[in-house]
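Chain residues, written in single-letter form:
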Amino acid sequence: RAKSAGGNRFELADAEADARAITRHGLTTALPTALERGEFFIEYQPLVHLGDGSVRGAEALVRWLHPQHGVLGPDRFIPLAEHTGLIVPLGRWVLEQSVRQAREWRELHGGAEAVGPLRINVNLSPCQLTHPGLVQDTVDILERTGIEPNALCLEVTESALIGADDDLLKPLRRLAEMGVDIALDDFGTGYSNLANLRRLPVSILKLDRSFTQSMQQFPADPVDLKIVEGIVSLAHSLDLAVTVEGVETGAQAEQLRMMGCDTAQGWYYARPGPPERLHELALVDATG
Ligand code: C2E
Ligand code: MG
Ligand code: MG
Ligand code: MG
């Protein structure tokens, strides 16, 4: 009935849905060979200390250089990789590459002793959390690379931990006890249960980009500002550091700094890019 009423509009929508399904299917079947063929690569986006503007580390963001479709962002293929289980070997690959990259930076980057070695943030899918090999894989990678656990931060989205029981938290606790930092990613987008925070083995809150975006308006929504201030003060009282995502202007950076946020990430500082770029940024920073 909807079809006859809507005419071409619905047929077009169907055709688009079909095309999307075909691409999705094609991408899904191409995923395993893509990993074998080395079609994935990682871009790094700096994490900047708001107090002094120094580069303290980077977040690793995976991309797929698809032979026909060009560069695909993670939103296009991570859900498919999660669905098929490829996320486990893919995630392990991202972790190993990123940790190796962090070691290379610190070898190149002796001059920055004052701010400590560059740290590396790696995103974890909920599927990796429930995979029994997570802790051992991480230990093995850190040992093979010879980097200390506190150079690594694993980012887990708030939604992945909603209602998390002890079994799900156990591997994260083990990693946290070893000295790996756990960050709660995209914080503020889910059903944030602030009281729940105490239960989680996290040491960093990553405030979602939507908060930073709402500051774009001028004057910014005073209620949003109050909410950010409240989150920052709660986080600090629980001994959590606050990182803000999606900082696109100097005015936002300044406002977030005044509100007490610790670290920032966003296009204002740099877009995600190749590892050499991060090294250059950190070096300029260290030598003034
Ligand atoms: P995320 O972890 O929240 O990463 C931040 C996203 O915000 C990145 O998108 C980054 O490019 C984008 N971004 C950074 N600064 C700005 C800014 O100033 N403005 C705007 N508009 N955007 C900014 P990207 O690279 O497309 O990644 C999207 C999501 O894909 C990530 O969100 C993360 O959840 C997921 N992801 C990326 N790499 C991996 C990975 O290796 N494993 C897993 N499981 N997920 C990953
Ligand atoms: Mg992240
Ligand atoms: Mg995030
Ligand atoms: Mg986000």
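All residue numbers refer to positions counted from 1 along the written sequence of the respective chain. Written order determines the labels here, with chains lettered from A and ligands numbered from 1. Totals for whole chains, interfaces and linings use every residue, but because this is a predicted model, local features are given only for residues with pLDDT of at least 70 and side-chain atom pairs only at 80 or more, for both listing and counting. For the side-chain quantities, the full set of heavy atoms in the structure was used; hydrogens and water were omitted.

Within an unreviewed UniProt entry, the label attached to the chain reads EAL domain-containing protein, and the organism entered is Streptomyces koelreuteriae.

Focus: the coordination of the magnesium ion (ligand 2)
Applicable threshold: A donor here means an N, O or S atom no more than 2.8 Å from the metal, or no more than 3.2 Å when the metal is Na, K or Ca. Since water is not included, a site may seem to lack partners.
Those protein atoms acting as donors to the magnesium ion (ligand 2) are Glu-59 (OE), Asn-123 (OD1), Glu-155 (OE) and Asp-185 (OD), and they sit at 2.0 to 2.2 Å. One chain supplies every donor for the magnesium ion (ligand 2), spaced along it as E-x63-N-x31-E-x29-D.

Remarks on the coordination of the magnesium ion (ligand 3)
What counts here: For the purposes of this entry, the term helix denotes a DSSP run of H or I that reaches at least four residues, the term strand denotes a run of E that reaches at least two, and both are numbered from the N terminus.
Those donors, Asp-185 (OD), Asp-186 (OD) and Glu-245 (OE), are the protein atoms that reach the magnesium ion (ligand 3), and they lie 1.6 to 2.6 Å from it. Summarised as a motif, the one-chain spacing of the donors to the magnesium ion (ligand 3) is D-D-x58-E. The magnesium ion (ligand 2) is placed at 3.6 Å from the magnesium ion (ligand 3), the two being bridged by Asp-185. Here the residue Asp-186 occupies a position in strand β6 (residues 181–187), and Glu-245 occupies one in the loop between β8 (241–244) and α11 (250–258), the gap between them amounting to 59 residues.

A few points about α11
Filter applied, for reference: Think of it in three bands: residues with accessible area under 20% of the maximum for their type are buried, residues over 50% are exposed, and the middle band is partly exposed, with areas taken using a 1.4 Å probe on protein chains only. What the arc describes is the spread of directions from the helix axis to the C-beta atoms. Any two residues having at least one pair of non-hydrogen atoms within 4.5 Å are treated as being in contact.
For α11, every residue scored as buried is listed here: Gln-252, Ala-253 and Leu-256. Relative to the axis of α11, the buried residues are bounded by an arc of 100 degrees and lie together on one face. Among the exposed residues of α11, those pointing more than 90 degrees away from its buried face are Ala-251 and Met-258. Buried residues belonging to α11 abut α9 (209–214), α10 (222–237) and β8. Once α11 ends, the next one or two residues include Gly-260, with phi positive near 95 degrees.

Here we look at the site of ligand 1
Using the following cut-off: The nearness test applies per residue and asks whether one of its heavy atoms lies within 4 Å of the molecule or strand. Contacts described as polar in this section are N or O atom pairs within 3.5 Å, which, within protein, must combine one atom able to donate a hydrogen with one able to accept it, while residues neighboring in sequence count only if both atoms come from side chains. Exposure was quantified through the Shrake-Rupley algorithm and a 1.4 Å probe, taking into account, for residues, occlusion by the shown protein chains and nothing else. As defined here, a cavity is a set of points on a 1 Å grid over the protein atoms alone where a 1.4 Å probe fits but cannot get out. A pocket is an open set with protein on both sides within 12 Å along at least five of seven lines, and residues line them when an atom is within 4 Å of a point. The rule for placing a molecule in a cavity or pocket is simple: more than half of its atoms must lie within 2 Å of the grid points. For this scheme, ten residues count as nonpolar: Ala, Val, Leu, Ile, Met, Phe, Trp, Tyr, Cys and Pro. Four count as charged, namely Asp, Glu, Lys and Arg, and the remainder, Gly too, count as polar.
Contacts to ligand 1 come from 22 residues, most closely from Arg-63, Asn-123, Asp-185, Glu-248 and Trp-267. Contact distances for ligand 1 include 3.0 Å between an oxygen atom and a side-chain N or O atom of Asn-123. Here an oxygen atom of ligand 1 and a side-chain polar atom of Glu-245 are 3.2 Å apart. Considered on its own, ligand 1 offers 810 Å² of accessible surface; in the complex 84% of this is hidden by protein. The cavity that encloses ligand 1 is the largest pocket. When residues of the shell around ligand 1 are traced back to their parent elements, those giving at least two are β2 (55–66), α3 (74–84) and β6. The element contributing the most residues to the shell around ligand 1 is β2, with 4 residues. Looking at side-chain class alone, the shell around ligand 1 contains 8 nonpolar, 5 polar and 9 charged residues.

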